[in-house]
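Descriptive structure summary
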Amino acid sequence: PLETRCPPFPLRQYGGFWMPEPFLPGMAAARAGFEPRPSDVLLASFPKSGTTWLKALAFATVHRADHPPRSLDHPLRRRNPHDCVDFLESVFLRSPAEDALAALPSPRVIATHMPCSLLPERVTANDAGCKVVYICRDPKDALISMWLFTKKTLAAAAMEDSNPPKQYTLEEALELFCDGRCVGGPQWHHVVGYWEASRTRPKKVLFLRYEDMLRDPVGNVRKLAEFTGRAFSEKEEAAGVAEEIVELCSIDALKNMEVNKNGRQEYVNNESFFRKGVAGDWENHMTPAMAARLDKIVEDALRGSGFAFGDTSEST
Ligand code: A3P
């Protein structure tokens, strides 16, 4: 079936979402075994929604006392954001996961692509426990980013594999996305789950929007700092620390670092995580008919939820 060759992973349905089969054991183990600490910060996202950026910003913000953003040996100048902040479900694929988590600097920053409804119960149990920060992106841009990322991954795999998986077209990618058959899909359900949690439990879940962050990165870094209990002091404000964090984590700065040009994650080159980093690039790839089709599906699915993509009323 089509979904089993939805690259780069075979997908299986889990709790109403399509998740990559190789990560299911990691998700199940994380749900059963993760012991959150009150100081933990869990970064959640649907893939290709700005996860890498959020990882960099959150890591730089919460660890700024130990690693001032202007420091030349800042970890983010030497390591890819994915090497500074791991995914919970990946950590739990390796064992012993708790040892790896215990070794993380405090406060621990950990990421996940798990939908809100599938987060470990110990994470969601009470507002005093670890904080959750979600990043949401327009579905059309997430789709295009995912499609182009996957094409790159496939092209790289084709060079190493004598029986490479077939490339797939934007038409195929759209078909799968509209059907919810992509990592973490349906995307709009993933987003709404966290949006609802952020409305009912604002101390627990901070809901950020990629497009908003592009418009006002410093304001969003301040939000992140306050939410995680580390608001910038007057002295830090006067010294422009939030601005330095934004600069350290800008797509151009990250893209040009040696490690991000030449490093590699398990299945993909680091440079693939940094493409254009703009809002609205879908217009350069999708026909108006394609966009209208996805818009309609999303609109129908969101009716009555109170949530809308592109709505910035809660962010002022
Ligand atoms: P595009 O493909 O639209 O350029 P993820 O990190 O969840 O995989 O998302 C990847 C998307 O975030 C890509 O979008 C990528 O270019 C963008 N991105 C990566 N780093 C960024 C940064 N520092 N600032 C803004 N966008 C960034």
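The structure we're discussing is the one just above.
A few points on the structure. Numbers given for residues are sequential positions, taken from 1 along each chain in its written order. A pLDDT threshold of at least 70 governs which residues receive local features in this predicted model, and a stricter bar of 80 or more applies before side-chain atom pairs are shown or counted, although totals over entire chains, interfaces and linings include all residues.

Some thoughts on the overall build of the protein
Counting its regular elements, the protein contains 17 helices and 6 strands. Expected size for 316 residues packed as a compact globule is a radius of gyration near 20 Å; at 19 Å, the protein falls within 12% of this value. Overall, the C-alpha framework of the protein stretches about 55 × 45 × 40 Å when taken along its three principal axes. To sort residues by exposure, count the other C-beta atoms lying within 10 Å of each residue's C-beta; 20 or more gives buried, 12 or fewer gives exposed, and values between give partly exposed, all with C-beta atoms placed from the backbone. Taking all 316 residues of the protein together, 42% fall into the buried category. It is the C-beta atoms, placed from the backbone, that decide contacts: two residues are in contact if theirs lie within 7 Å. Counting only contacts in the protein whose residues sit at least 6 apart along the sequence, the fraction spanning at least 24 positions is 76%. Helical segments are the DSSP runs of H or I of at least four residues, strand segments are the runs of E of at least two, and each set is numbered from the N terminus. The globule rule used here is 2.2 Å times the number of residues to the 0.38 power, and the radius of gyration it is set against is calculated over C-alpha atoms.

Describing the nonpolar core
Here, a nonpolar core means buried Ala, Val, Leu, Ile, Met, Phe, Trp, Tyr and Cys residues linked by C-beta atoms lying within 7 Å of one another. Formed by 83 residues in total, the largest nonpolar core has its most connected members in Leu 43, Leu 57, Ala 58, Val 133, Tyr 134 and Cys 249. Per-element tally for this core: the top contributor is helix H2 (residues 51–62), with 8 residues.

Describing the site of the ligand
As a matter of local geometry, the ligand sits amid 21 residues, with Thr 51, Thr 52, Ser 145, Arg 275 and Gly 277 nearest to it. Looking at the shell around the ligand, the elements that each hand over two or more residues are H2, helix H8 (139–160) and helix H15 (251–255). Note on residue classes: Ala, Val, Leu, Ile, Met, Phe, Trp, Tyr, Cys and Pro are nonpolar, Asp, Glu, Lys and Arg are charged, and everything else, Gly too, is polar. Its residues placed into classes, the shell around the ligand shows 8 nonpolar, 8 polar and 5 charged. Throughout this description, a residue near a molecule or strand is one whose C-beta atom, derived from the backbone, lies within 6 Å of it.

Topic: the packing of helix H12 (residues 217–227) against helix H14 (residues 241–248)
Each axis is a line fitted through C-alpha atoms, and for a helix only the stretch in contact is used; angles between axes span 0 to 180 degrees, taken between their N-to-C directions. Packing of H12 against H14 brings their axes to within 9 Å, and their N-to-C directions diverge by 110 degrees. Overall, the two elements H12 and H14 adopt an arrangement that is roughly perpendicular. On H14, the residues that touch Pro 217, Val 218, Val 221 and Arg 222 of H12 are Ala 242, Glu 243, Ile 245 and Val 246. For the contact of H12 with H14, a count of residues per class yields 6 nonpolar, no polar and 2 charged. Between 65 and 115 degrees an angle is taken as roughly perpendicular, under 35 as roughly parallel, over 145 as roughly antiparallel, and anywhere else as oblique.

Some points on the environment of Glu 237
Within the secondary structure, Glu 237 sits in helix H13 (residues 234–239). Separated by 15 residues in sequence, Glu 237 and Arg 222 place their C-alpha atoms 9.7 Å apart.

Quick look at the environment of Gly 306
Mapped onto the fold, Gly 306 is located in the segment after helix H17 (288–302). Given 11 C-beta atoms within a 10 Å radius, Gly 306 is considered exposed. Taking C-alpha positions, Gly 306 is 41 Å from Asp 66, a pair spaced 240 residues apart along the chain.

Section: the sheet that holds strand E3 (residues 41–45)
Note on pairing: DSSP must find at least two bridges between two strands before they are called paired. The strand order E4-E3-E5-E6 describes an open sheet built from 4 strands, whose pairing is parallel. Taken across any chain shown, the strands that pair with only one partner, and hence form the sheet edges, are strand E4 (109–112) and strand E6 (205–209). Within the sheet, the average angular offset between the axes of one strand and its neighbour, ignoring direction, is 20 degrees. Where strand E5 (residues 131–136) meets E6, 5 bridges bridge the pair, whose relative direction is parallel.

Some thoughts on the pairing of strand E2 (residues 17–20)
Alternating residues of E2 divide into Phe 17 and Met 19 and Trp 18 and Pro 20, and every residue in both groups is buried. The sheet contact formed by strand E1 (residues 11–14) and E2 spans 4 bridges and is antiparallel. Paired with Tyr 14 across the bridge in E2 is Phe 17. Taking the residues between adjacent antiparallel strands as the criterion, E1 and E2 are bridged by 2 residues, where Gly 15 takes a positive phi near 55 degrees.

A look at unusual backbone geometry
The amide bond that connects Ser 106 to the next residue, Pro 107, takes the cis arrangement and shows omega of -5 degrees. Tracing the sequence through the fold places Pro 107 in the loop between helix H6 (97–102) and E4. The omega angle of the peptide bond from Gly 185 to Pro 186 is 0 degrees, so this bond is cis rather than trans. Even without being glycine, Lys 48 reaches a positive phi, approximately 65 degrees. Counting through the fold element by element, Lys 48 comes out in the loop between E3 and H2. Using a count of 25 C-beta atoms within 10 Å as the deciding quantity, one classes Lys 48 as buried.

Keep in mind these numbers describe shape, not what the thing actually does.
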